[in-house]
Amino acid sequence: MNVLFLCVDCLRQDFVVSDRADTPFLDELVSDGVYFSNMYSTTTTTTPCVASFMTGCYSEKNGVNSHSYSELDDDVETLAGVLGENGYSTYAMATGPLVTETSLDRGFDSYWYRDRNKNLAGEWGTTAREKLSQLEDPFFLYMHLWELHGPIEVSPEYDSAAYGK
């Protein structure tokens, strides 16, 4: 079984699977997969939050206690590492502050980072689709999207009322 862990940075739970916003793609993922409706952040910033759910440890244990300038402790296992040891190919498509200097790339066979200013609707999106078609089963893919931080760009084919505002 393949595992996709999709993290849309700053997407509020009450806008998914509700009538507050049209999210047909996310609605389909939720209905066909496992959806964590009660997942809570351990902190208000991205890097320590991601470190916590990738290690199962609070910042005090995993070493990542700030948005920047901190690094995962050497003795902490990662979800990617555990899955890799159990036969999964592990991939990450990360952006924003999740740079390799944080060591959050530990355990991933491939860690594709994009600058926070490169939008999913641009060249990076095309590259991501190409890479997705080449993943080796069984795989674990952590995909971190930063687009809600703006400026928000929408591809012309999705810029219609059918996809919401």
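The structure this text deals with has already been given above.
Rules of the game
Residues numbered from 1 in each chain as written. Predicted model: local features only at pLDDT ≥ 70, side-chain atom pairs only at ≥ 80, totals over all residues. Heavy atoms only, no water. Helix = DSSP H or I, 4+ residues; strand = E, 2+ residues; numbered from the N terminus. Polar contact = N/O pair within 3.5 Å; in protein donor to acceptor, adjacent residues only side chain to side chain. Contact = heavy atoms within 4.5 Å. Patch = residues over 30% accessible without salt bridge, like charges linked within 9 Å, V, L, I, M, F, W, Y side chains within 5 Å. Areas by Shrake-Rupley, 256 points an atom, 1.4 Å probe, with all protein chains shown as cover. Salt bridge = Lys/Arg side-chain N within 4 Å of Asp/Glu carboxyl O. Lys, Arg positive; Asp, Glu negative; His and termini not counted. Charge placed at Lys NZ, Arg CZ, Asp CG, Glu CD. Buried < 20%, exposed > 50% of the residue type's maximum accessible area, 1.4 Å probe, protein only. Phe/Tyr/Trp six-rings, centres within 6.5 Å; stacked < 30°, edge-to-face > 60°. Pairing = 2+ DSSP bridges. Axes fitted to C-alpha atoms, helices over the stretch in contact; angles between N-to-C directions.

Enquirer: Is there a simple way to explain the side chain of Thr-78 in this structure?
Expert: Along the chain, Thr-78 falls in the loop between α3 (59–62) and α4 (79–85). For Thr-78, the side chain forms a polar contact with the main-chain nitrogen of Gly-81, separated by 3.0 Å. Polar contacts involving the side chain of Thr-78 include one to the main-chain carbonyl oxygen of Arg-106, which spans 3.1 Å. In contact with Thr-78, not counting residues within four places along its chain, are Met-54, Thr-55, Leu-72, Arg-106 and Gly-107.

Enquirer: How should a negative patch on the surface be read in this particular structure?
Expert: Taken together, Glu-71, Asp-73, Asp-75 and Glu-101 make up a surface patch of like negative charges. Turning to its location among the elements, Asp-73 is positioned in the loop between α3 and α4.

Enquirer: I tried to follow the pattern of salt bridges on my own but got confused; where do I start?
Expert: Oppositely charged side chains can form a pair if their charged atoms are brought close together. With the rule as written, the count across this model stands at one salt bridge. Here Asp-74 ties to Arg-106 by a salt bridge, and the two come within 3.9 Å at their closest N and O atoms. Note that Asp-74 is positioned in the loop between α3 and α4 and Arg-106 in the loop between β2 (89–94) and β3 (110–113), a separation of 32 residues in sequence. By relative accessible area, Asp-74 is classed as exposed at 72%.

Enquirer: It is not clear to me how the packing of aromatic side chains should be interpreted in this structure. Could you clarify?
Expert: How two aromatic rings sit relative to each other is set out by the distance from centre to centre and by the angle between their planes. A full pass over the atoms with the stated rule returns six aromatic pairs. Judged by centre distance (5.9 Å) and plane angle (15°), the rings of Phe-108 and Phe-140 are stacked. Highlighted residues: Phe-108 in the loop between β2 and β3 and Phe-140 in strand β4 (residues 139–145), separated in sequence by 32 residues. By the burial criterion, Phe-108 is buried, and Phe-140 matches it. These aromatic residues form a ring-pair network of at least three members: Phe-5, Phe-53 and Tyr-142.

Enquirer: Is there a simple way to think about the sheet that holds β4 in this case?
Expert: By way of backbone hydrogen bonds, the strands of a sheet pair with one another, either parallel or antiparallel. As summarised here, the arrangement of the four strands in space is β1-β4-β2-β3, forming an open sheet in which the pairing is parallel. Every other strand in the sheet has two partners, leaving β1 (3–8) and β3 as the edge strands with one partner each. Sheet twist, expressed as the mean angle between neighbouring strand axes with direction ignored, is 10°. In terms of strand pairing, β2 meets β4 through five bridges, oriented parallel. Note on β4: the bridge partner recorded for Ser-89 is Phe-139. In this fold helix α5 (residues 123–132) packs onto β2, β3 and β4, with an angle of close to 170° to the strand it touches most, β2.

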